[in-house]
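Descriptive structure summary
These are the residues of each chain, in order.
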Amino acid sequence: MRRELSMACFERASPALKGILLKLYRAEKHVEIDHHLYEFGSVEYHVQSSAADPNCIYLSISTPLLSQGVEHSYGLSKQMLKEVCSDAVEIVEPPRQGYQLTLKLDFSKIPTEKESEKVIRQISSVQAVILSSQLKEMLENVNSQDASQGMYKPIKLVYHPREPFYVIKQPQKITAVFPMRFKEPSDVIIATAFFQELMDVGSSEKWAKAPPCTWSPIPPPELRGEPIEDLSTNGGFVSFDISSRHVEGKKLDKTVWSLLNFYAYVKNHIKRIHTKKDAEVFGTLG
């Protein structure tokens with residue numbers, strides 16, 4: 001049995017899982033495997049194949065729920081998997097013990113070598129599908145009136161263990177709030193300027209249809225009563241208002257993925273600014 005740790009990834013497909021599956025698909029002879037792969041420190045993939053069943057590989061996944069306070073049936077996850085994955089994938093019921101989902105992969109049903117990378121990339125997106133489906137369930141109810149007496153309790157979501165964010169159901173909209181924390185003072189300065197730019201761009205006519213963005217150095221009133229450790233930040237709070245037009249048709253998937261990866265997007269922006277400054281410094285040495 002082999003175990004492997006992988007760094008967190010922000011594309012839909014897990015690069016490490018994709019690499020393992022492509023290697024198995026392209027192997028000239030059958031390879032027996034019993035492999036555990038970990039991402040984010042709390043996401044586990046288990047890949048198994050045996051000589052007794054050479055055409056099939058079993059992929060099991062264990063991933064934390066986005067929110068412990070919201071019941072999730074995995075029904076939408078399975079429906080989405082059936083839509084994005086090919087005939088080479090079968091959902092195993094019940095899943096293997098200790099996992100939320102087990103897939104049976106039959107590589108002999110992948111039509112051509114040319115299609116293999118696309119199909120395996122879709123299979124490797126299984127964790128993104130599960131997490132996306134949880135947030136989709138919340139956003140699809142943007143117009144529901146299920147709160148009583150105007151009191152809307154924030155729902156804490158954890159996509160990455162150290163980067164929780166909140167969604168708050170309000171009349172005719174859902175607000176997503178991101179507490180922002182940074183290790184370096186220079187990162188805070190760059191990020192604050194970036195958040196101001198997001199607000200300015202969002203108020204322009206060109207981006208009028210985008211979710212309105214606001215930034216505040218203090219928590220919004222809706223987060224009163226939440227744990228102090230979640231509200232202690234050095235980068236303030238970024239909020240996006242999601243209305244029904246932002247979750248119509250194909251917009252739903254784009255909105256969900258943008259929210260799940262907002263922290264990664266900010267980090268990438270900060271990294272680019274630092275890289276640009278470093279290049280300018282080295283440019284002066286010539």
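Structure shown above.
Residues numbered from 1 in each chain as written. Predicted model: local features only at pLDDT ≥ 70, side-chain atom pairs only at ≥ 80, totals over all residues. Heavy atoms only, no water.

Once that is clear, we can look at the overall build of the protein. Within the protein, the regular secondary structure consists of eight helices and 11 strands. Restricting the contact set of the protein to residue pairs at least 6 apart, pairs at least 24 apart contribute 64%. About 16,000 Å² of surface is accessible on the protein, with carbon and sulfur atoms providing 54% of the total. (Helix = DSSP H or I, 4+ residues; strand = E, 2+ residues; numbered from the N terminus. Contact = heavy atoms within 4.5 Å. Areas by Shrake-Rupley, 256 points an atom, 1.4 Å probe, with all protein chains shown as cover.)

Counting buried positions along strand E3 (residues 43-49) gives six out of seven residues, so the element sits mostly inside the fold. Sheet topology note: the strand E2 (residues 33-39)/E3 ladder contains seven bridges and is antiparallel. Residue pairing for E3: His 35 is matched across the bridge by Val 47. Between E3 and strand E4 (residues 56-62), which pair antiparallel one after the other, the connecting turn spans six residues. (Buried < 20%, exposed > 50% of the residue type's maximum accessible area, 1.4 Å probe, protein only. Pairing = 2+ DSSP bridges.)

The full count for this structure, using the stated rule, is nine aromatic pairs. Taken together, a centroid distance of 4.8 Å and an interplanar angle of 50° make the contact between Phe 178 and Phe 262 tilted. Of this pair, Phe 178 sits in strand E9 (residues 173-179) while Phe 262 sits in helix H8 (residues 262-283), and the two are 84 residues apart along the sequence. The exposure classification of Phe 178 matches that of Phe 262, with both residues buried. An aromatic cluster is built from Phe 165, Phe 178, Phe 194, Phe 195, Phe 240, Phe 262, Tyr 263 and Tyr 265, whose rings are joined through pairwise contacts. The aromatic ring of Trp 257 is capped on one face by Arg 12, whose charged end is 4.6 Å from the ring centroid. Over the face of the ring belonging to Tyr 58 we find Arg 96, whose NZ or CZ atom lies 4.5 Å from the ring centre. (Phe/Tyr/Trp six-rings, centres within 6.5 Å; stacked < 30°, edge-to-face > 60°. Lys NZ or Arg CZ within 6 Å of the ring centre and 35° of its normal.)

Another point: the nonpolar core. Across soluble globular proteins, nonpolar side chains show a tendency to be buried alongside one another. Ranked by internal contacts, the top residues of the largest apolar core, which has 36 residues, are Leu 135, Val 167, Phe 178, Met 180, Phe 195 and Leu 260. The dominant element in this core, judged by the number of residues it contributes, is helix H5 (residues 185-202), at six residues. Residue contacts for Leu 135: discarding those within four places in its chain leaves Leu 66, Leu 157, Val 167, Val 256, Leu 259 and Leu 260. (Core = buried A, V, L, I, M, F, W, Y, C linked by side-chain atoms within 4.5 Å.)

This part covers helix H3 (residues 113-123). All of the buried residues in H3 are Ser 116, Val 119, Ile 120 and Ile 123. In a view along the axis of H3, the buried residues occupy a sector of 95°, so they form one face of it. In this structure, the buried residues of H3 make contact with helix H1 (15-26), E4, strand E5 (89-92), strand E6 (101-106) and helix H4 (126-139). (Arc of directions from axis to C-beta.)

According to the stated counting rule, one finds seven salt bridges in the structure shown. Its salt-bridge partner being Arg 12, residue Asp 253 comes within 3.0 Å of it at the nearest N-O pair. Residue Asp 253 is found in helix H7 (residues 251-260), and its partner Arg 12 is found in the loop between strand E1 (2-6) and H1; the two are separated by 241 residues along the sequence. The salt bridge involving Asp 253 is made with Lys 136; its shortest N-O contact spans 3.3 Å. (Salt bridge = Lys/Arg side-chain N within 4 Å of Asp/Glu carboxyl O.)

Looking now at the sheet that holds E9. Ordered by their spatial adjacency, five strands build an open sheet running E7-E8-E9-E11-E10, and the pairing between neighbours is antiparallel. What marks the edges here is a single partner per strand, and that holds for strand E7 (155-160) and strand E10 (213-216). Geometrically, the sheet is characterised by an average inter-axis angle of 25° between neighbouring strands, direction not taken into account. Its contacts with the sheet place H4 against E7, strand E8 (163-170) and E9, and it is angled at close to 155° to E7. Here H5 sits on the sheet and contacts E10 and strand E11 (237-242); the angle it forms with E10, its principal contact strand, is near 145°. (Axes fitted to C-alpha atoms, helices over the stretch in contact; angles between N-to-C directions.)

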